[in-house]
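# A look at the structure
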Amino acid sequence: MSVVPSANNNKITVPGILQRKSAAASTPSLPNKITCLTAYDYPTARLLDEAGVDVLLVGDSVGMAVLGYESTLPVTLEEMLHHTRAVRRGTRRALLVADMPYGSYHTDSSEAVRNAVRFVKEAGAEAIKVEGGERRMETIARLVDAEIPVMGHVGLTPQSVNAFGGFRVQGKTEEGGEQILRDARAVEAAGAFSIVLESIPRELAARITAELKIPTIGIGAGPDCDGQVLVIHDLLGMSFGHQPKFARHFAEVGEMISRAAAEYCRDVQQGNFPSDGESYHLSAEQRGAKLLVK
């Protein structure tokens with residue numbers, strides 16, 4: 001039995017995401033911006049799905065946001081499958097996209113297809129995401145040929161952190177910008193249905209968005225993209241360490257958790273939790289019987 005829920009009129013699909021681009025072009029006044037957030041577990045997925053988020057991305061950012069790694073590189077295929085399954089259980093409306101982790105599509109296209117098939121068959125992903133531009137054309141084409149929708153990713157590609165020498169804005173020079181433009185064109189030509197533009201100048205992202213026929217999803221790429229994505233832990237104020245300038249906190253859940261945990265510790269230590277009202281009791285008859293026995 002398929003783990004993918006049956007489609008309904010409200011279900012976000014790959015063709016629906018593609019139509020957002022054409023609809024925006026024909027009717028600029030309509031609110032066709034695509035919303036995307038990362039999710040790594042069932043309760044988060046369910047809350048985001050019910051809130052109306054269009055795309056849930058099981059990002060390999062789970063390595064840094066949840067597992068405590070210093071980069072996304074250590075994340076394994078099995079870990080990504082595990083988290084994708086959890087998100088699938090909480091998702092009904094949103095399009096579910098899963099990141100292909102580092103090493104799962106870098107050796108040859110055949111292995112990439114085998115690994116991507118596992119995301120679809122075993123974890124219920126409806127699309128996968130791969131990083132890279134021109135050098136990924138063959139891989140993307142093979143995946144699309146296998147009927148697996150692909151979301152591309154160019155600009156700052158976190159799996160290339162060692163090659164880049166850190167998490168740095170890309171495309172700031174004329175040469176760098178032209179390379180990212182070529183990469184974006186290559187991703188589209190290979191058959192991807194959308195593309196993430198990460199940490200590039202707004203002007204470059206606007207140019208790419210205007211040129212491509214597939215939707216662009218920005219993260220640190222300015223407001224002119226066809227949609228936006230954020231790591232949910234950044235949005236909720238639950239991240240540690242350096243925060244990029246685009247990682248707006250829409251809530252400070254991290255502070256709320258810390259306060260709640262500190263209050264819990266204090267009440268337990270002072271004997272205020274659990275209270276009598278939060279405890280289970282014997283019935284009046286049972287209490288009376290025990291007294292008679294004594």
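The structure we're discussing is the one just above.
Residues numbered from 1 in each chain as written. Predicted model: local features only at pLDDT ≥ 70, side-chain atom pairs only at ≥ 80, totals over all residues. Heavy atoms only, no water.

## A word on the overall build of the protein chain
Scanning the protein chain from terminus to terminus reveals 12 helices and eight strands. Counting only C-alpha atoms and orienting by the principal axes, one finds that the protein chain spans roughly 90 × 45 × 45 Å. Within the protein chain, buried positions represent 44% of all 294 residues. A separation of at least 24 residues holds for 58% of the contacts in the protein chain among residues at least 6 apart in sequence. Counting every atom, the protein chain has about 15800 Å² of accessible surface; 54% of that belongs to carbon and sulfur. One way to put it: in the protein chain the 31 positive side-chain charges average out to a point 3 Å from where the 36 negative ones average out. (Helix = DSSP H or I, 4+ residues; strand = E, 2+ residues; numbered from the N terminus. Buried < 20%, exposed > 50% of the residue type's maximum accessible area, 1.4 Å probe, protein only. Contact = heavy atoms within 4.5 Å. Areas by Shrake-Rupley, 256 points an atom, 1.4 Å probe, with all protein chains shown as cover. Lys, Arg positive; Asp, Glu negative; His and termini not counted. Charge placed at Lys NZ, Arg CZ, Asp CG, Glu CD.)

## What to know about the nonpolar core
Side chains of a nonpolar character, in soluble globular proteins, are inclined to be buried together. Phe-119, Ile-128, Leu-197 and Ile-208 are the most contacted members of the largest nonpolar core, which has 52 residues in total. Residues within four places of Ile-208 in sequence aside, it is in contact with Ile-180, Leu-181, Ala-184, Leu-197, Ile-200 and Thr-216. Listed in part, the 16 residues of the second largest apolar core include Ile-17, Val-55, Met-151 and Val-196. (Core = buried A, V, L, I, M, F, W, Y, C linked by side-chain atoms within 4.5 Å.)

## Some thoughts on the packing of helix H5 (residues 109-123) against helix H6 (residues 137-145)
Two elements in contact, H5 and H6, have axes whose closest approach is 9 Å; the angle formed by their N-to-C orientations is 45°. In terms of orientation, H5 lies oblique with respect to H6. In this structure, H5 crosses over H6, and the sense of that crossing is right-handed. Here Ser-109, Ser-110, Ala-112, Val-113 and Ala-116 of H5 lie close against H6, whose contacting residues are Glu-138, Thr-139, Arg-142 and Leu-143. Counted by class, the contact of H5 with H6 contains four nonpolar, three polar and two charged residues. (Axes fitted to C-alpha atoms, helices over the stretch in contact; angles between N-to-C directions. Parallel < 35°, antiparallel > 145°, perpendicular 65-115°, else oblique. Left-handed = near helix turned anticlockwise from the far one by under 90°. Nonpolar A, V, L, I, M, F, W, Y, C, P; charged D, E, K, R; others polar.)

## Remarks on the sheet that holds strand E7 (residues 216-219)
Here eight strands make up a closed barrel; going around it, the order is E1-E2-E3-E4-E5-E6-E7-E8 and the pairing parallel. For this sheet, the mean inter-axis angle between neighbouring strands, taken without regard to orientation, is 25°. Where strand E4 (residues 127-129) meets strand E5 (residues 150-155), two bridges bridge the pair, whose relative direction is parallel. Opposite Lys-129, over in E5, you have Met-151 as the bridge partner. (Pairing = 2+ DSSP bridges.)

## Considerations on a nonpolar patch on the surface
The grouping of Tyr-264, Val-268 and Phe-273 at the surface amounts to a nonpolar patch, some 280 Å² of accessible area in total. As for its position among the elements, Val-268 is in helix H11 (residues 253-269). What makes Val-268 partly exposed here is its relative accessible area of 37%. (Patch = residues over 30% accessible without salt bridge, like charges linked within 9 Å, V, L, I, M, F, W, Y side chains within 5 Å. Salt bridge = Lys/Arg side-chain N within 4 Å of Asp/Glu carboxyl O.)

## A closer look at the packing of aromatic side chains
A complete count under the given rule lists one aromatic pair for this structure. Summarising the aromatic geometry, the rings of Tyr-264 and Phe-273 are spaced 5.9 Å apart at their centres and angled 65° between planes, so their arrangement reads as edge-to-face. What makes Phe-273 partly exposed here is its relative accessible area of 38%. (Phe/Tyr/Trp six-rings, centres within 6.5 Å; stacked < 30°, edge-to-face > 60°.)

## Quick look at the pairing of E7
Consecutive side chains along a regular strand alternate between the two faces of the sheet. Every second residue of E7 is oriented toward a common face, with Thr-216 and Gly-218 on one face and Ile-217 and Ile-219 on the other, all of them buried. Of the pairings in the sheet, the one linking strand E6 (residues 194-198) to E7 comprises four bridges and is parallel in character. Bridging from a neighbouring strand, Leu-197 pairs with Gly-218 of E7. Traced from E6 through helix H9 (residues 202-211) to E7, the parallel crossover comes out right-handed. Here two bridges tie E7 to strand E8 (residues 227-230), and the two strands are oriented parallel to one another. What sits directly across from Ile-217, in E8, is Gly-227. (Right-handed = clockwise from strand over helix to strand, strands pointing away.)

## Let's talk about the environment of Arg-46
For Arg-46, the position within the fold is in helix H2 (residues 42-51). A C-alpha to C-alpha distance of 23 Å links Arg-46 and Leu-77, two positions 31 residues apart in sequence.

## Re the packing of helix H8 (residues 174-190) against H9
What describes two packed helices is the angle between their axes and the distance between those same axes. Packing of H8 against H9 brings their axes to within 11 Å, and their N-to-C directions diverge by 30°. Looking at the two axes, H8 sits roughly parallel to H9. H8 and H9 meet at a crossing whose hand is right-handed. The segment H8 lies against H9, with Gly-177, Glu-178, Ile-180, Leu-181, Ala-184 and Arg-185 engaging Leu-204, Arg-207, Ile-208 and Glu-211.

## Considering unusual backbone geometry
The omega torsion of the bond from Phe-273 to Pro-274 falls at 0°, within 30 degrees of zero and hence cis. Located in the positive-phi region is Glu-147, a residue other than glycine, with phi close to 65°.

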